[in-house]
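# Summary of structural features
The primary structure of each chain is shown beneath.
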Amino acid sequence: MDNQRFRDEAKRILSEGNVRCLIGYSKDAAGFRVSPLFARTEGDVERLLFSPLCNISLVNYLTLEKGALLESGARAEEDKIAIVARGCDSRALCQILAEKGISRERLIVLGVPCPGVIDLSRIEARFQGRRECAEVTEEGGAYLVRLGNDSYAVPKEELLAEHCKRCSFPNPLVYDVLLGEPVAQRKPSYEDVLAVEAMTLEEKEKFWKEIFGRCLRCYACRNACPLCYCDECVLERLSPQWIQRSVNGGDNLSFHLARAYHLAGRCAGCGECERVCPVNLPLMLLNRKMEKDMQALFGHTAGTDVEQKPVFSTFDRKDPEDFIL
Amino acid sequence: MINPYLPHQAKIQSVKQETTGDRVIKTFKLVLEDNSCRESFLYKPGQCAMLGVPGVGESMISITSSPTQKESIAFSIMRMGKVTSAIHEKEAGDPLTLRGPYGNHFPLDEWKGKNILTVGGGIGQAPLSSIIHYVLDNRTDYGAIDIIYGARTTADLCYKEELFEMERREDIRVHLSIDVREEGWDRYVGFVPSNLLRIKPSPENAVAITCGPPVMIKFVLKNLLQLGFAESQIYTTLENRMKCGIGKCGRCNVGPVYVCKDGPVFSYVQLKSLPEAHIS
Amino acid sequence: MENYGLKKDSLKEFLKTLQDVELFAPVRRGDVTAFEHVSDPEGVALDLEHQPLPAKKLLLPQTEILFAFDKKGLPKEPDFRGTKKKRFVFGVRPCDARGFGIIDSVYEKDCPDPYYVAKRSNTVLAGLQCSHPFPNCFCTSLGGSPSSSEGLDLLFFDCGGSYLIEVYTEKGQQVVKEAQSLLSSPSAEQITEKEKVVREAAERIQRSLSLDGVLRNMEILFEDPIWGDMARKCISCGICTYTCPTCYCFDIQDEKIQGKAKRVRIWDSCMFGEYTLHASGHNPRPTRAERLRNRMYHKFKHNIDLHGIAGCVGCGRCITLCPANEDLIENLQSIESAR
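## Side note on the overall build of chain A
- The secondary structure content of chain A amounts to 13 helices and 9 strands.
- Taking 2.2 N^0.38 as the reference for a compact globule, 325 residues should give roughly 20 Å; the C-alpha atoms of chain A span a radius of gyration of 20 Å, in line with that estimate.
- Dimensions of chain A along its principal axes, counting C-alpha atoms only, are 65 × 50 × 40 Å.
- Residue burial in chain A is summarised as follows: out of 325 residues, 41% are buried.
- Within chain A, counting contacts between residues at least 6 apart in sequence, those at least 24 apart form 71% of the total.

Structure below.
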């Protein structure tokens, strides 16, 4: 990624008049963290960057707050929002657009072909205690990590997020500007899902019981998910109440299964839910199981086509009906 | 140690539907089952209690009756959410749970000798009703009583029969209004804040208490000041979502004060020091 | 104050000799260290690399049954006997212990909470001095320290091959008496080592800030746009509140647990959108800006005005675990420099 070209492009877009803000990344002052940047001025743009540390999904901010930045059907003459989107982010964007959750005309998408990002906990563990502002670039199969006056080359495999190792959508599917060369795409594979499918019932019970016993019900997974944007979420409704608020294995299981089902055919596979979880729940297992089943049952993959009709709002005579007589 | 979360049993003595339409308000008169509970439930006008339906939940409701009305404890409740809907299903003879009384109260001792002005809108009349009955039952302790009360339509007016009866009394002045003209209504038509300006109550030796929808309160406060009421003469109540009622669960705070235990009664002077109350 | 030496490899035996107590200690579950009930001290993980989730859940369980309803729908008086059992919490960090003091100021006064009080009075807190504070620790800026004994009954100092144990309370002394045979008088070397460890720990604290300007500026910044800027990247989850040793807000719900109706209280978070949502649909804190502002005011102004102390012990967990990288220290510094 040529960060200078990126900033020049960002400046050009912001100066085009009716762009309210440009959502990108900026480097935090210390260590390896980046933060979402809501750039409005040229001064803000100077802080924009893209590097292997950019691990947050910015698309989430488009749907995070009610009455948020973009309403479906709103007119393009009004303020636009520019946003930096990696492969997975653009897939989420694609799905939201297909659902008519956002107006395309009000978006300017800076697509970034993404070779994968770094797992923050891994790099923080690798360089424990280092607080200098890190600079990380990818060269060959390694990350070049600059901390103060020191430079380190770390094999990519050691730091790359698990989730990115499985990514099959590295290149943006929706964009107005493409920043960088397309990245080689790998075919989807589901070894992790198959491993759980192969477990016996007793093994599965033990596996999931331990996982859901850890859940804190902090709602970070739901809040971080770009596709979770219902005005009244099923997980917190009280009238009627679908999920009890008690935190225990059973109610936690209901919580996560309900969310997985509500995301079936919609989950864009960005992995934010797993990234944000403070107790490291392997939530993508549920979503990827759904993704695999949706492909098998309906030939459907979420977030690949802006014109695609939402799978559960469409009826097709060829839909499997073997559960009805 | 007393368990402040454990509610007491009460029985509904009577249910009266005050309003019809979508905003249904019913007045529930409750009697605590246990004698010692009944005797120790001593409250003052302005205080609230947690009414509960086992298995559904609890809701903090202001006490409508005055402690001088000893037969029962009255609560006027608008059907809004899960708990109030469950309460609205109940009939005379049904049980409810009760916890309280909670919060502070109107400083009625300080107001002795003063003229009392209540300005209410809709369900806001409920806590004001507690003041009115207390003052009427201690009539010689207080000066003139003026009740200004209005609602959207006659169907939304609470305590209609009682207020029409009070209109005919010599020792109290009642000024009712509805927002929109209606067949058969020959009293004032307009919003409560406008009625207040029209009546021009004197601030001399008076205290004004207002309760009602936030937009009404905003204009009533403005108009009271315009009429010459000092900030120290004005009182209102705040409400917020509540769960524990005792200042532990954290959610009902307005800045540093908890509506459940430091409120619901606040003077205008106090409100001005609470930025989160947004009185400007 | 009494002090003792304990050989490090006798620690597990020490814990085993404690009679008639429920032992709680840090335990490693996958990638997370948290305080759990430990039946066998072999499972204790004195993890120096990963900050454990706070011990507050031992006194304020995330889900606590207040009482059950009987078949007629009458509330049944809860049985407090279970909480009367003595509890020994080992490995608490000094910041968490100070955190309990802040929760005490709300739960033990003014209509005391019997559920909390019953557990609190029967809990012995045995702390572990932080020889290696974590990257985001700033306890020293808030009146604490990695070696603080405030709120603790005992404090273990890691002196290399042994621990030096300081006992501050009668409660702590009672427990220690049971393991007398494993304890010795501390040697001069142990005492010297302890002093060295205390010094080094304080030097290892990497982050600090001053709160003076914060309190002063909060008087005038309520309507300032700073809160919107601060909250723009917040995703409004509950991680900061749930991992905070001084946060104590809860929700009360009537629920069915194993087929029986119960009234439970559950941790809640002022950061959630629907925390203050009225049944009418009105929400006095509809956006993240108002909620973040409320949290900052509660901890760094109201708590000080009401109880004389900030509602924060500087453990840094909110900074480490925030998914959007909201940095409390930076946020406080921006409040300080706003005027």
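Here the narrative resumes.
## Details of the interface of chain C and chain A
- Across the contact, 31 residues belong to chain C and 29 residues belong to chain A.
- Elements with a contribution of two residues or more to the side of chain C that touches chain A: helix 8 (239-242), strand 9 (250-257) and strand 10 (260-267) of chain C.
- If one sorts the elements of the side of chain C that touches chain A by residue count, strand 9 of chain C sits on top with 4 residues.
- For the side of chain C that touches chain A, the per-class residue count stands at 13 nonpolar, 10 polar and 8 charged.

## As for the environment of Cys225(A)
Residue and element names in this part refer to chain A.
- Within the element layout of this structure, Cys225 appears in the loop between helix 10 (220-224) and helix 11 (249-262).
- The class for Cys225 is buried, based on 26 C-beta atoms found within 10 Å.
- Taking the C-alpha atoms as reference, Cys225 lies 8.3 Å from Cys270; in sequence the two are 45 residues apart.

## Comments concerning the domain arrangement of chain A
Residues and elements named next belong to chain A.
- Here chain A is partitioned into domain 1 (3-178) and domain 2 (191-313).
- The C-alpha centroid of domain 2 is placed 24 Å from the C-alpha centroid of domain 1.
- Between domain 1 and domain 2, the residue contacts involve 21 residues of the former and 21 residues of the latter.
- Listed by contribution, the elements that provide at least two residues to the side of domain 1 that touches domain 2 are helix 3 (60-63) and helix 4 (87-98).
- Looking at the side of domain 1 that touches domain 2, the element that brings in the most residues is helix 4, giving 9 residues.
- Partitioning the side of domain 1 that touches domain 2 into residue classes produces 10 nonpolar, 7 polar and 4 charged.

## Section: the packing of helix 5 (residues 192-199) of chain B against helix 6 (residues 214-226) of chain B
Residues and elements named next belong to chain B.
- At their nearest, the axes of helix 5 and helix 6 sit 8 Å apart, and the two run at 20° to each other. With respect to helix 6, the element helix 5 is oriented roughly parallel. For helix 5 against helix 6, the interelement crossing comes out right-handed. Together, Val192, Pro193, Leu196 and Leu197 of helix 5 and Met216, Phe219, Val220 and Asn223 of helix 6 make up the contact between the two elements.
- Looking at the contact of helix 5 with helix 6 residue by residue, the classes come out as 7 nonpolar, 1 polar and no charged.

## Some thoughts on the packing of helix 9 (residues 201-214) of chain A against helix 11 of chain A
All names here are of chain A.
- At their nearest, the axes of helix 9 and helix 11 sit 8 Å apart, and the two run at 90° to each other. Relative to helix 11, the element helix 9 is oriented roughly perpendicular. Touching Trp208, Lys209, Phe212 and Gly213 of helix 9 are Gly249, Asn252, Leu253 and His256, all from helix 11.
- Residues that form the contact of helix 9 with helix 11 fall into these classes: 3 nonpolar, 4 polar and 1 charged.

## Considering the domain arrangement of chain B
Residue and element names in this part refer to chain B.
- Looking at the assigned domains, one finds that chain B contains domain 1 (8-102) and domain 2 (115-237).
- Here the C-alpha centroids of domain 1 and domain 2 sit 24 Å apart.
- Every contact between the two is made by 17 residues of domain 1 and, on the other side, 13 residues of domain 2.
- In terms of residue class, the side of domain 1 that touches domain 2 is made up of 4 nonpolar, 11 polar and 2 charged.

## A few points about the sheet that holds strand 10 of chain C
Residue and element names in this part refer to chain C.
- Strands sit in the order 4-10-9 across an open sheet of 3 strands; the sheet is antiparallel. Edge positions in the sheet fall to strand 4 (63-68) and strand 9, since each has one partner strand and no second. Going across the sheet, the axis of each strand differs from the next one's by a mean of 30°, ignoring polarity.
- Taken together, the 8 bridges between strand 9 and strand 10 define a ladder with antiparallel strand orientation. Considered in strand 10, the bridge of Asp251 is made with Ile266.

Cut-offs and rules
Residues numbered from 1 in each chain as written. Chains lettered and ligands numbered in written order. Predicted model: local features only at pLDDT ≥ 70, side-chain atom pairs only at ≥ 80, totals over all residues. Helix = DSSP H or I, 4+ residues; strand = E, 2+ residues; numbered from the N terminus. Rg over C-alpha atoms; globule rule 2.2 N^0.38 Å. Buried ≥ 20, exposed ≤ 12 C-beta atoms within 10 Å, placed from the backbone. Contact = placed C-beta atoms within 7 Å. Nonpolar A, V, L, I, M, F, W, Y, C, P; charged D, E, K, R; others polar. Domains from an automatic or database assignment. Axes fitted to C-alpha atoms, helices over the stretch in contact; angles between N-to-C directions. Parallel < 35°, antiparallel > 145°, perpendicular 65-115°, else oblique. Left-handed = near helix turned anticlockwise from the far one by under 90°. Pairing = 2+ DSSP bridges.

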